[in-house]
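Breakdown of the fold
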Amino acid sequence: MTVSTFAASSMPPAFPERAAWGTASSLRAWQQHALEAYFGQDGTGPGPRDFLTVATPGAGKTTFALRLARELMERRVIAAITIVCPTEHLKRQWAESAARVGIKINPEYQNGDGPVGKDFDGIAVTYATVAARPALHRNRTESRKSLVIFDEVHHAGDGLSWGDAVREAFEPATRRLALSGTPFRTDINPIPFVQYDEGPDGVRRSRADYTYGYGPALADGVVRPVIFLAYAGEMRWRTRAGDEITATLGEPLTQDQTAQAWRAALDPKGDWIKQVLAAADRRLTELRRAIPDAGGLVIATDHETARAYAKMLRAVTGQGATIVLSDDPSASKKIKQFTDTDDRWMVAVRMVSEGVDIPRLCVGVYATSTSTPLFFAQAIGRFVRARRRGETASVFLPSVPTLMGHAADMEEERDHVLDRPVREDGLDDDLLAEANQQKDTPDAVGEELPFETVEASATFDRVLYDGGEFGMHAQPGSAEEEEYLGIPGLLEPDQVSALLRKRQADQLAGERKKKTGDPRADRTTAEDLATLRRELNGLVNAWFHRTGQPQGVIHSELRRSCGGPAVPQASADDLRKRIAKIRDWAAKRRH
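Residues numbered from 1 in each chain as written. Predicted model: local features only at pLDDT ≥ 70, side-chain atom pairs only at ≥ 80, totals over all residues. Heavy atoms only, no water.

What follows concerns the overall build of the protein chain. When helices and strands are tallied, the protein chain shows 19 helices and 19 strands. Counting across all 591 residues of the protein chain, residues that qualify as buried make up 54%. Excluding contacts between residues fewer than 6 apart, the proportion of contacts in the protein chain whose partners are at least 24 apart in sequence is 73%. Total accessible area computed for the protein chain in this model is approximately 24200 Å², and 50% of it derives from carbon and sulfur atoms. (Helix = DSSP H or I, 4+ residues; strand = E, 2+ residues; numbered from the N terminus. Buried < 20%, exposed > 50% of the residue type's maximum accessible area, 1.4 Å probe, protein only. Contact = heavy atoms within 4.5 Å. Areas by Shrake-Rupley, 256 points an atom, 1.4 Å probe, with all protein chains shown as cover.)

Okay, structure coming up:
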C-alpha cells in the first residue's frame, strides 16, 4: 500500500472536496504528512507503538485519528479501539464521527457493563472512568489487540493518580495514539506515554512525533484568523472594611489590583460586561452579513454569572441564549441543538472550552477569571475552525496583561515542560480564585466577597492581531469603536492586517482634525510617533513571548538591521522600518 492511498499528492491544504468534519475520504495536506510520518514515505512501514500528534484546535485531529485507526484495522494490526476523552460530550462526538467512516464506537460504555458487544469496534470513555477502574480496562486491552486514542492527552496528567491509572490500564496496548491541540500543562506532572527529551539547558520537554501549529494552519487556510478586541475601563469597588478603591483596567496595576479590577469588570452588577456584550453582539451582526449562521459564545466563570450574562444578552438581542452548565445532564443535547441551529448566543461554564466542535462559532467573549495558557488556548480554539476561506473570528477580552500575553502567543508552538517552577509569570490563578470566592455549583450559597462592585465601565482599548496592536481608546458606541466592530467577516489574513492599519490611520487622522482642523497634518506629530512606538513595542513584546529573547536585545538587533537612534529619539520612518522588519521576522518564523 502506498501513500497515494491516503490522499492525492496534489491535495490542497484545506477543504478537500468540502467534506464535512470527521467524514473526509480525502485528507488535508497535514493529515497526509502525519500519516507519512507514521507509516513512512512509501506507506508500508509498520508504524510505531506510540505516536504523539500535536495539531492546533480546529485543524482536524479527529479525522486524522480515525483514518489511522481504519488503516490499522484493515492491516489487522489491531482488532479493537478505545478512545479516551476529557468529557461525556466528547465521547458522543467521537462516536458520531467514527460512524461516518464505518467505525462503530459505543459512547455509553460504563465500567459495570462487562465485555464490549460484538456490534462495536470499540468504546469511548472518559479519563475519569478509566481512573475509577484501571484494572478493568487493562483486562480489556489485554484481551484484544487494541489501539488506544488519547484525546487531549494532557488530561492524563490531571493528578498523579490519573496518570498512574492510565499507565496501568493501557500499558499492554498494541498501539497508542496521543492527540493534543495544546500539549503543555501549567503543572509539572508527566503525561503518560509521552516522550520527554532533555535539552541543552537540562530541561525536559515533550517531543511530538508530528506537529501542525496555528501559524502554518492559518497560512494553509485551515483555521480562521483571530482578531482580539481588548476592553479597558474604570472600576470602583468597596472592600470589607468599607473603603472604596478605584483602578483603571488596562493601566499598570499590582497583581492584587488587577485581580480585583478584573473581578469587578466581570461582575454582572457593573456596566463593563453589559457594554462588552453589547459590542460583541454588534460584531456578530456584522459577521452575519457574510456568515449568516455565525454564532457567539460567552465563556463564564461560574453558574450564577452565566445566567446573569444570558439575561443581559436577551435584553440586548431580544432573543434567549443557550445556557450550558458543567453539571447539566442535558449539556450535550443543548450543545448539539445550538450547533444545528442559527441561534445567536451560547453562554457556558467550561463545557465548551475544549474539544467541542461548533464550527459556526465566530464571536467569543472571554468573561472568565481563568488565566492559564492551557485554558486560554483551548477556549480560543473553539472559534478558529474554518469552513471556507476568508472567515474571521473575533474574541472580546478584558485588557489584562496575562490575557494580552496569551493573545500575542497565539502562533507560538509550545511543549509540555518539566523541571521548572509550577508557577509561570503573570497573574496567579489562585489569586483570582480567592478574589472570586464562589463555588461553581448552581445552588451554591455565595460566601462573603472580599469586595462589592460599586461601578464598572468599559472603554475600547485596542485590537491585537498577528503580534501587532491597533486602535486607540474609544467610548462604547462611538464611531471609533464601530470602525473596528464593523470589519468585514470575510477577509484573508493579510487583508485583516492591511485593514487594521488603515482603520488606525483613519482614527489618527480624525484625532488630528479635531485638534488642528487639518486632517493632512504632518504624520510625524507626537500623536503619530506615540502610536508607532506603541505598535513597535507590542511587536517586540510578542517576539519576546515567542522566542524568549530579551526585549532589549530585540530592540538592539532592530537598530542594527534598520539603523537610526534608540526608540525615544527615532523618527517615524525609523519606527516604520523596524515595524516592517519584525513583521518580516514573524512571517519567516511562521513558514
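The rest of the description comes next.
This brings us to the confidence of the model for the protein chain. Here the protein chain shows a mean pLDDT of 81. Residues at 70 or above account for 82%. Note that pLDDT drops below 50 for residues 1-24; the model gives that stretch 69 contacts with residues more than four away or on any other chain. Scored below 50 in pLDDT, residues 414-449 makes 97 contacts in the model with residues more than four places away or belonging to other chains. (pLDDT = per-residue confidence, 0-100.)

Ordered by their spatial adjacency, 7 strands build an open sheet running S3-S4-S2-S5-S6-S1-S9, and the pairing between neighbours is parallel. A single partner strand is all that each edge strand has here, and the edge strands are strand S3 (105-106) and strand S9 (210-212). (Pairing = 2+ DSSP bridges.)

With respect to burial, strand S6 (residues 175-180) is a largely interior element, 6 of its 6 residues being buried. Residues Arg175, Leu177 and Leu179 point to one face of S6 and Arg176, Ala178 and Ser180 to the other, with burial holding for every one of them. Of the pairings in the sheet, the one linking strand S1 (residues 50-55) to S6 comprises 5 bridges and is parallel in character. Across the sheet, the residue bridging to Leu52 is Ala178, located in S6. Two strands pair when backbone bridges link them, and strand S5 (residues 146-150) and S6 are joined in this way by 4 bridges, in the parallel orientation. Bridge assignment links Val148 to a residue of S6, and that residue is Arg176.

This paragraph deals with the pattern of salt bridges. Applying the stated criterion across every chain, the model contains 28 salt bridges. Linking Glu171 and Arg138 is a salt bridge whose minimum nitrogen-to-oxygen distance equals 3.5 Å. Here Glu171 is found in the loop between helix H6 (160-170) and S6, whereas its partner Arg138 is found in helix H5 (residues 134-143), with 33 residues between them in sequence. Note on Arg138: relative accessible area 25%, which makes it partly exposed. (Salt bridge = Lys/Arg side-chain N within 4 Å of Asp/Glu carboxyl O.)

In this model helix H2 (residues 61-74) runs 20 Å from its N-terminal to its C-terminal C-alpha over 14 residues, within 8% of the 20 Å that 1.5 Å per residue would give. For H2, a buried count of 11 out of 14 residues is recorded, marking the element as mostly surrounded by other parts of the structure. Among the residues of H2, those classed as buried are Lys61, Thr62, Thr63, Phe64, Ala65, Leu66, Arg67, Leu68, Ala69, Glu71 and Leu72. In this structure, the buried side of H2 is in contact with helix H1 (29-39), S1, strand S2 (80-85), helix H3 (88-100), S5 and S6. Just downstream of H2 lies Arg76, where phi reads positive at about 65°. (Expected span 1.5 Å × (residues − 1).)

Another aspect to go through is helix H12 (residues 373-380). Of all 8 residues making up H12, 7 are buried, and the element is well covered by its neighbours. Three or more residues of H12 are buried, namely Pro373, Leu374, Phe375, Phe376, Gln378, Ala379 and Ile380. Check the buried side of H12 and you find it contacts strand S10 (226-239), strand S12 (295-300), strand S15 (361-367), strand S16 (393-398) and helix H13 (401-408). Regarding H12, its N-cap is Thr372, as a side-chain oxygen of that residue lies 3.2 Å from the backbone nitrogen of Phe375 further along. (Polar contact = N/O pair within 3.5 Å; in protein donor to acceptor, adjacent residues only side chain to side chain.)

Attention now moves to the nonpolar core. Counting residues in each nonpolar core, the largest one holds 121 residues, and the members touching the most others are Phe228, Tyr231, Trp272, Tyr309, Val365 and Phe396. For Tyr309, the residues in contact, after removing those within four places along its chain, are Leu266, Pro268, Ile273, Leu277, Val298, Ala300, Val347 and Ala367. In this structure, Val54, Tyr109, Tyr127 and Phe150 belong to the second largest nonpolar core, which totals 21 residues. (Core = buried A, V, L, I, M, F, W, Y, C linked by side-chain atoms within 4.5 Å.)

All right, on to the packing of H1 against H2 then. Across the interface, H1 lies against H2 with an axial gap of 10 Å and an inter-helix angle of 40°. Between H1 and H2, the angle is such that the two are oblique. In this structure, H1 crosses over H2, and the sense of that crossing is right-handed. Residues Trp30, Gln31, Ala34, Leu35, Tyr38 and Phe39 of H1 pack against Lys61, Thr63, Phe64, Arg67, Leu68, Glu71 and Leu72 of H2. Split by residue class, the contact of H1 with H2 holds 8 nonpolar, 2 polar and 3 charged. (Axes fitted to C-alpha atoms, helices over the stretch in contact; angles between N-to-C directions. Parallel < 35°, antiparallel > 145°, perpendicular 65-115°, else oblique. Left-handed = near helix turned anticlockwise from the far one by under 90°. Nonpolar A, V, L, I, M, F, W, Y, C, P; charged D, E, K, R; others polar.)

Here the focus is unusual backbone geometry. Backbone geometry places Glu152, a non-glycine residue, at a positive phi of 50°. For Glu152, a relative accessible area of 3% gives the class buried. One non-glycine residue, Phe193, adopts positive backbone phi at about 65°. Positionally, Phe193 belongs in the loop between S6 and strand S7 (196-198). Among the residues examined, Phe193 registers a relative accessible area of 23% and is labelled partly exposed.

To describe a pair of aromatic rings, one takes the distance between the centres and the angle between the planes. As enumerated under the stated definition, the model contains 13 aromatic pairs in all. Seen in terms of ring centroids, Tyr231 and Phe460 are 5.5 Å apart; in terms of plane orientation they differ by 75°. Their pairing is edge-to-face. On the criterion of sequence distance, the pair formed by Tyr231 in strand S10 and Phe460 in strand S18 (residues 459-465) is long-range, its members being 229 residues apart. Taken together through their ring pairs, the aromatic side chains of Trp30, Phe64, Tyr210 and Tyr212 make up a single cluster. The ring centre of Phe39 lies 3.9 Å from the NZ or CZ of Arg75, which sits over that ring. Cation over ring: Arg176 sits above Phe193, and NZ or CZ is 3.9 Å from the ring centre. (Phe/Tyr/Trp six-rings, centres within 6.5 Å; stacked < 30°, edge-to-face > 60°. Lys NZ or Arg CZ within 6 Å of the ring centre and 35° of its normal.)

Further remarks concern the environment of Asp50. Mapped onto the elements, Asp50 comes out in strand S1. On the basis of relative accessible area, Asp50 is assigned to the partly exposed category, the value being 27%. As for Asp50 and Asp209, which are separated by 159 residues in sequence, their C-alpha atoms are 9.0 Å apart. Residues within four places of Asp50 in sequence aside, it is in contact with Arg176, Phe193 and Asp209. Within the structure, the side chain of Asp50 is placed 2.6 Å from the side chain of Arg176, a separation counted as a polar contact.

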